[in-house]
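What follows is each chain in one-letter form.
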Amino acid sequence: MTASSPGTTPSSSGRSGPVPAPRPKFAAAARPELADTRMRRNLRGATAALRGREAAAAAETADWEDLREAGRAIKDDALLDLDSHLEELERAVTEAGGTVHWAADAAEARRVVTGLVRATGAKEVVKAASATTREIGLNDALARAGVTVRETGVAEMAVQLGEDAPSHLLSPAAHRDRAEIAELFRRAVPAAGPGLADDPEALAAAARAHLRDRFLRARVAVTGANFLVAETGTLVLLESEGNARMCLTLPETLISVAGIDKVVPTWDDMEVFLQLLPRSSTGDRMTPYVSSWTGVTPGDGPRALHLVLLDNGRTRALADEVGRAALRCIRCSACLNVCPVYERTGGRPYGPVHPGPIGAVLTPLTRGVESAADASLPYASTLCGACADVCPVKIDIPDMLVHLRGKVVESRRRRPVPTPEMALMRGLAWTMGDPRRHEAAVRRGARWARLLSRGGRIRRLPGLLGKWTEARDLPAPPPESFRGWWDRTRA
Amino acid sequence: MRVALSVACFDDVLFPGTAKAVTVLLERLGHEVAFPPGQTCCGQFHWTAGYHREAAGLARSHSAAFEGCEVVVAPSASCAATVRDDYPKIARTARDPGLARAAEALAVYELTEFLIDVLGVTDVGAYFPHRVTYHPSCRSLRILGVGDRPVRLLRAVRGLDLVELPSAEECCGFGGAFAMKNADVSVAMVADKVRHVRDTGADVVCAVDDSCLAHIGGALSRLRGGVRTMHLAEILAETGPA
Ligand code: SF4
């Protein structure tokens, strides 16, 4: 099953493509994932390993906190004058021989890219990992236009061959173990042969062998970009397998799709991010392949370079004074690797775009909280704060989640009939707003609770609270509250 | 010193033993304990659930209840964190500078901070001959930064055998409304926490937040886990045979 097309939000033009069935709320989408014990074991293994590596990489850098602060400051400055940096970027890219396209939403970005591919006459494109192309549902759109998309990263290939949905920002197949991926390759990749081993090198080699002549024949490549340097019009991409570099250098036409939030003002800024990103994403000091390319050079590399700059709700997020800090995100995925909720559900319940803690804020920030699924995302967290601790650009995700929950509740207030939750929370606040009311209610409640209990424990609560007692007991309130004890012994 | 006690709304009803223990403990250390009667709830539940208007109302009445108190001690890290860390945000959201000023004037301490930082005691003279493990709750760990204060207090308890909890810093899955809105994930998380607790072989698991302990204890009780949950204050209040 492929992910539903994410572009058809109420805010974007929902004209192209069929209307997808509404996404389930987080809790419902998490249920089947929780039941998949193999997936959970794989994910726990993958995130625990990354967690350890990331912590070690951060610890060995003496000025890690200064680097984080610098990263935060650069991104905040970039976002503050985003329009002028983007104009500078466009000018620089154009001067270097490239073309910049602006896409307001996913549908427009799909149209632009599909049109560019069509114009080349190519029937096949090679593609490097990119969350942004995933965000706009590009593969499906190209398939509908009769273009075959070849994912070239091992993880993306595995997801594509397995007709799976990605679950991790950086390693979309983190929910699969190597044995499963090797099995998939043995079945679907003729070049792999039946004796394919399941170590990462063998898998990468099999992918490369499988793709070699495709790379050589490819006329069009589609990639993302990690950073866009405004002053020089340079696109920067970090990867570990080298397939993206092939995509950058071999084809005639290169199309890069990147969010407008990827812009950094100057080359100097890269010094900070080239330290922060690898350490936070894989725990490496440096990424194996760092590619940067500027415009086109006759006789070397692609003859045409197209940069598609995607908004798709980013300016909406920018308009939110608390939420805008989420646009600092450099997609390192460190927050996923420490999140206890993500560790148990994987990325899929967060919807088709961004998984994990950052997804729980970015998705409602860019799409709004109108749909029940998007409104459920800010609640997909215990607010434990582990994500804020590791974020290399210091995004206070828990703070943002609480802020977004406020928006969800505000949007519910306008309903003519309050939801049971709204009635309960208002009633509770009214009761607790006054000590006398509070005390009377507490006495009444405790009496009821004792009636429901057996052997000092409550095993079943009615109504909304029943969710608690599905798997947990609650102690029965003792006959005397603290207040009662105080009045009896001290007052 | 005259210490104003701030008792979490659910502690008052469900876990009165915690605040009683704090009272007994502080009196034993020679301090006068006051219980300002106007207090009800700090508003944390409403704030984190997104009911920000309601939270502002509760924050106003909570601050008013403690107005003029020299020090406020809360044997609940999450309530202390709410007053210290969230009240400025609640005030900003409600555009209420008066609330911001009132919140800033409150000197609120979580119990272990108060004992170690303000009173300067680590050995409170407790005796508790049991095997104990400690769960550092998220708000105590990451918002208040109580660090190893609770562990230092536990180490000074005579007869106590402190055992380390595996994956101690991982959230127990309570998270207020989360435990109900995402009950399945919450239960999966607490199941792991309970497994780690049982792996320690401890008789007692303690914390500085009864909310997390209600969650862990609720799961232990359902499993008939044989491990007791206690608030740290209840251990510190124990003196055993004289
Ligand atoms: S929010 Fe921070 S930790 Fe998470 S992916 Fe973005 S930069 Fe990394």
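Scoring rules and cut-offs
Residues numbered from 1 in each chain as written. Chains lettered and ligands numbered in written order. Predicted model: local features only at pLDDT ≥ 70, side-chain atom pairs only at ≥ 80, totals over all residues. Heavy atoms only, no water. Helix = DSSP H or I, 4+ residues; strand = E, 2+ residues; numbered from the N terminus. Rg over C-alpha atoms; globule rule 2.2 N^0.38 Å. Buried < 20%, exposed > 50% of the residue type's maximum accessible area, 1.4 Å probe, protein only. Contact = heavy atoms within 4.5 Å. Areas by Shrake-Rupley, 256 points an atom, 1.4 Å probe, with all protein chains shown as cover. Lys, Arg positive; Asp, Glu negative; His and termini not counted. Charge placed at Lys NZ, Arg CZ, Asp CG, Glu CD. Near = heavy atom within 4 Å. Nonpolar A, V, L, I, M, F, W, Y, C, P; charged D, E, K, R; others polar. Domains from an automatic or database assignment. Buried area = accessible area lost by both parts, 1.4 Å probe. Polar contact = N/O pair within 3.5 Å; in protein donor to acceptor, adjacent residues only side chain to side chain. Pairing = 2+ DSSP bridges. Axes fitted to C-alpha atoms, helices over the stretch in contact; angles between N-to-C directions. Patch = residues over 30% accessible without salt bridge, like charges linked within 9 Å, V, L, I, M, F, W, Y side chains within 5 Å. Salt bridge = Lys/Arg side-chain N within 4 Å of Asp/Glu carboxyl O. Parallel < 35°, antiparallel > 145°, perpendicular 65-115°, else oblique. UniProt positions renumbered as here; feature names shortened; annotations may be inferred. Expected span 1.5 Å × (residues − 1).

Section: the overall build of chain B
Phase 1: When helices and strands are tallied, chain B shows 13 helices and eight strands.
Phase 2: For chain B, whose C-alpha radius of gyration is 18 Å, the value lies close to the compact-globule estimate of 18 Å for 242 residues.
Phase 3: Dimensions of chain B along its principal axes, counting C-alpha atoms only, are 50 × 45 × 30 Å.
Phase 4: For chain B, the proportion of its 242 residues judged to be buried stands at 62%.
Phase 5: Considering only intrachain contacts with a sequence separation of at least 6, the fraction spanning at least 24 residues in chain B is 80%.
Phase 6: Of the roughly 8500 Å² of accessible surface on chain B, 50% is carried by carbon and sulfur atoms.
Phase 7: The average position of the 24 basic charges and that of the 28 acidic charges among the side chains of chain B differ by 4 Å.

What to know about the site of the ligand
Phase 1: Within the structure, the ligand sits among 13 residues, and Cys329(A), Cys332(A), Ser333(A), Cys335(A) and Cys391(A) are positioned closest to it.
Phase 2: The residue inventory of the shell around the ligand, partitioned by class, reads eleven nonpolar, one polar and one charged.

Section: the domain arrangement of chain A
Phase 1: According to the domain assignment, chain A consists of domain 1 (61-312) and domain 2 (420-490).
Phase 2: Taking only C-alpha atoms into account, the centre of domain 1 of chain A sits 54 Å from that of domain 2 of chain A.

Brief notes about the interface of chain B and chain A
Phase 1: Tallying the contact residues gives 60 residues for chain B and 64 residues for chain A.
Phase 2: The three residues of chain B that bury the most area against chain A are Tyr51(B), Met180(B) and Arg222(B), which together make up 13% of that side's buried surface.
Phase 3: Inspection of the chain B/chain A interface yields 29 residue pairs in polar contact (both at pLDDT 80 or more).
Phase 4: The greatest single-element share of the side of chain B that touches chain A, amounting to eight residues, is contributed by helix H11 (residues 183-199) of chain B.
Phase 5: Partitioned by chemical class, the residues of the side of chain B that touches chain A number 31 nonpolar, 16 polar and 13 charged.

What to know about the sheet that holds strand S3 (residues 71-74) of chain B
Residues and elements named next belong to chain B.
Phase 1: In space, the four strands of this open sheet follow the order S2-S1-S3-S4, with parallel pairing throughout. Each edge of the open sheet is held by one strand with a lone partner, namely strand S2 (32-34) and strand S4 (108-110). Averaged over all adjacent pairs, the angle separating strand axes in this sheet is 35°, with direction ignored.
Phase 2: Summarising the sheet, strand S1 (residues 2-5) and S2 pair through three bridges and their orientation is parallel. Residue pairing for S2: Arg2 is matched across the bridge by Glu32.
Phase 3: Helix H7 (residues 111-118) rests against S1, S3 and S4 of the sheet, and its axis sits at about 100° to S4.

Quick look at a negative patch on the surface
Phase 1: Residues Asp77(A), Asp81(A), Asp83(A) and Glu87(A) make up a contiguous surface patch of negative charge.
Phase 2: Note on placement: Asp77(A) falls in helix H3 (residues 64-80).

As for the sheet that holds strand S3 (residues 148-151) of chain A
Residues and elements named next belong to chain A.
Phase 1: Judged by pairing direction, the sheet is parallel, and its six strands sit side by side in the order S1-S10-S7-S4-S2-S3 without closing on themselves. Strand pairing shows two members of the sheet lacking a second neighbour, strand S1 (99-103) and S3, which therefore form its edges. On average, adjacent strands in this sheet sit at an angle of 25° to one another, irrespective of strand direction.
Phase 2: Of the strand pairs in this sheet, strand S4 (residues 220-223) and strand S7 (residues 253-259) are connected by four bridges, and their pairing is parallel. By the bridge assignment, Val220 is partnered in S7 with Thr253.

Points about the packing of helix H19 (residues 397-413) of chain A against helix H4 (residues 52-65) of chain B
Phase 1: It is at 9 Å that the axes of H19(A) and H4(B) come closest, and there the two elements cross at 110°. Relative to H4(B), the element H19(A) lies roughly perpendicular. Contact with H19(A), carried on its side by Val402(A), His403(A), Gly406(A), Glu410(A) and Arg413(A), involves His52(B), Arg53(B) and Glu54(B) of H4(B) and no other residues of that element.
Phase 2: Taken together, the residues of the contact of H19(A) with H4(B) sort by class into one nonpolar, three polar and four charged.

Quick notes on the UniProt feature "domain: Cysteine-rich" (unreviewed entry) in chain B
Phase 1: In this numbering, the UniProt entry assigns the feature "domain: Cysteine-rich" (unreviewed entry) to residues 4-83 and 132-216 of chain B.
Phase 2: With 57% helix and 11% strand, the stretch residues 4-83 of chain B has end C-alpha atoms that lie 14 Å from each other.

Quick notes on the environment of Cys391(A)
Residue and element names in this part refer to chain A.
Phase 1: Tracing the backbone through its elements, the reader meets Cys391 in the loop between helix H18 (386-390) and H19.
Phase 2: Look at Cys391 and you get buried, because its relative accessible area is 9%.
Phase 3: When the C-alpha positions of Cys391 and Ile330 are compared, they lie 9.4 Å apart, and in sequence the two are 61 residues distant.

What about the UniProt feature "domain: LUD" (unreviewed entry) in chain A?
Phase 1: This chain's UniProt record puts "domain: LUD" (unreviewed entry) on residues 86-295 of chain A.
Phase 2: Summarising residues 86-295 of chain A: 45% helix, 20% strand, and an end-to-end C-alpha distance of 16 Å.

Structural notes on helix H12 (residues 210-222) of chain B
Given 3.6 residues per helical turn, the α-helix brings residues three or four places apart onto the same face.
All names here are of chain B.
Phase 1: An ideal rise of 1.5 Å per residue puts 18 Å on 13 residues; H12 measures up with 17 Å between its terminal C-alpha atoms.
Phase 2: Among the 13 residues in H12, twelve count as buried, and that is most of the element.
Phase 3: For H12, the complete set of buried residues consists of Asp210, Ser211, Cys212, Leu213, Ala214, His215, Ile216, Gly217, Gly218, Ala219, Leu220 and Ser221.
Phase 4: Among the residues trailing H12, Arg224 stands out with phi positive, at a value near 50°.

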